[in-house]
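So the chains spell out like this:
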Amino acid sequence: WEDDEHVVQINRGFRVEFNSALGPYKGGLRFHPSVYLGIIKFLGFEQIFKNALTGMPIGGAKGGSDFDPKGKSDNEIMRFCQSFMLELCRHLGEHTDVPAGDIGVGGREIGFLFGQYKRVTNKYESGVLTGKGIGWGGSLVRTEATGYGTVFFLREMLKVRNDSLEGKTCVVSGSGNVAIYAIEKLHQLGAKVVACSDSNGVIFHEKGIDLELVKRLKEIERRRIADYVTYHKDSKYIAGGNIWEIPCQVAAPSATQNEINGKDAKTLVKNGCIAVGEGANMPTTPEGIKVFLDAKIAYGPGKAANAGGVATSALEMQQNASRDSWTFEFTEKKLDEIMTSIHATTFETAEEFGATGNYVVGANIAGFVKVATAMVAHGLI
């Protein structure tokens, strides 16, 4: 692709189509300098079982590129997306492989990718990408889905412990799409989020995060979270800070993989954290997971807790297939039902296998059994 200085740039792109036993390959595209084949493989493997847990007819895949959208102009991003889709389009189709967005790939990037797919294939195949704009085949609630879904799962985990989110102090890492809408739904359900972050540092606001300001800074003006303190003098910005050192009752890691290590997990538990819902993909290291499980707190792993995004992508595919468009309220209700069902499935499976309350066991076994059953039914060759 050609940058604004007319210099040709080269990036490496990937698409790992992992398993289609339950439906067409489905999983996000990630644009970030950390992307390499190993990351795409482990995310794709997780995606198989996450998608199975939703109960929707979708398989597992993942893709992306080491292209970094930060600091690039809209025209540069458009040219990269067009180049990327020129290679990717031959592998896609609404019955074959349906990508969505992930880190670095939002509505703008999906628009550029879809436009190029349409240009190259001469098909208005609206079901070939999800996360599209509302005016051209997108679904209401898709933007909010991963964050909302994580909070619905947290609500259900606390409910079986005869507790609720009402009045709980929460921290949500990140300040992108997932984090913003996790904060929104937590506030709607009566919780108070006191901290969020980006890759440069952490904002702590004891009175509660001003969500509208975060939305303006990150979604409209594309600024760093450090600018928050300019508008709220009673808040504190911690450059390079560790959000998990801030005491909370509920934590929602919603930034990236491996952001909570064993030490962070111990700090959270020591400071009174009773529930963790993963909004990001695999944000807790194995050491951190062990700490949460040993402490017997309510721990919702990403393959269950953050399945709301891909579930709503599947709802978008349904709307595309029937040339229909659902209301926000109707779609959110379906998302809530799916997340409630995922919680029930994982909770009951863990109980069945003698690990009551262990959602890691429940999610892994329930997802695996569903995929394996379909694969055996399709024949072993």
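Going by the structure above, here's the rest.
Keep in mind it's a predicted model, so treat the numbers as computed, not measured.

Thoughts on the sheet that holds strand β4 (residues 97-101)
1) Next: With mixed pairing, 4 strands are arranged side by side in an open sheet as β1-β3-β2-β4. Only two strands of the sheet have a single partner each, and these edge strands are β1 (13-19) and β4. Recorded for the sheet is a direction-independent mean angle of 20° between the axes of neighbouring strands.
2) Next: Note: β1 against strand β3 (residues 60-65), 6 bridges, orientation antiparallel. Residue pairing for β3: F14 is matched across the bridge by G64.
3) Next: Packing against the sheet, helix α2 (residues 74-88) makes contact with β1, β2 (25-31) and β3, and its axis sits at approximately 145° to β2.

Structural notes on the pattern of salt bridges
1) Next: On inspection of all chains with the given rule, the structure shows 23 salt bridges.
2) Next: One salt bridge connects K185 with E332, and the closest N-O pair in it is separated by 2.7 Å. Of this pair, K185 sits in helix α5 (residues 177-188) while E332 sits in helix α12 (residues 328-352), placing them 147 residues apart in sequence. The burial state of K185 is the same as that of E332; both residues are buried.
3) Next: With a closest N to O distance of 3.4 Å, K218 and D198 form a salt bridge. Highlighted residues: K218 in helix α6 (residues 211-220) and D198 in strand β6 (residues 192-198), separated in sequence by 20 residues.
4) Next: Owing to a relative accessible area of 18%, K218 belongs among the buried residues under this scheme.
5) Next: Salt bridges here are not isolated pairs; linked through shared partners, they connect R155, E156, K159 and D336.

Conventions adopted
Residues numbered from 1 in each chain as written. Predicted model: local features only at pLDDT ≥ 70, side-chain atom pairs only at ≥ 80, totals over all residues. Heavy atoms only, no water. Pairing = 2+ DSSP bridges. Helix = DSSP H or I, 4+ residues; strand = E, 2+ residues; numbered from the N terminus. Axes fitted to C-alpha atoms, helices over the stretch in contact; angles between N-to-C directions. Contact = heavy atoms within 4.5 Å. Salt bridge = Lys/Arg side-chain N within 4 Å of Asp/Glu carboxyl O. Buried < 20%, exposed > 50% of the residue type's maximum accessible area, 1.4 Å probe, protein only.

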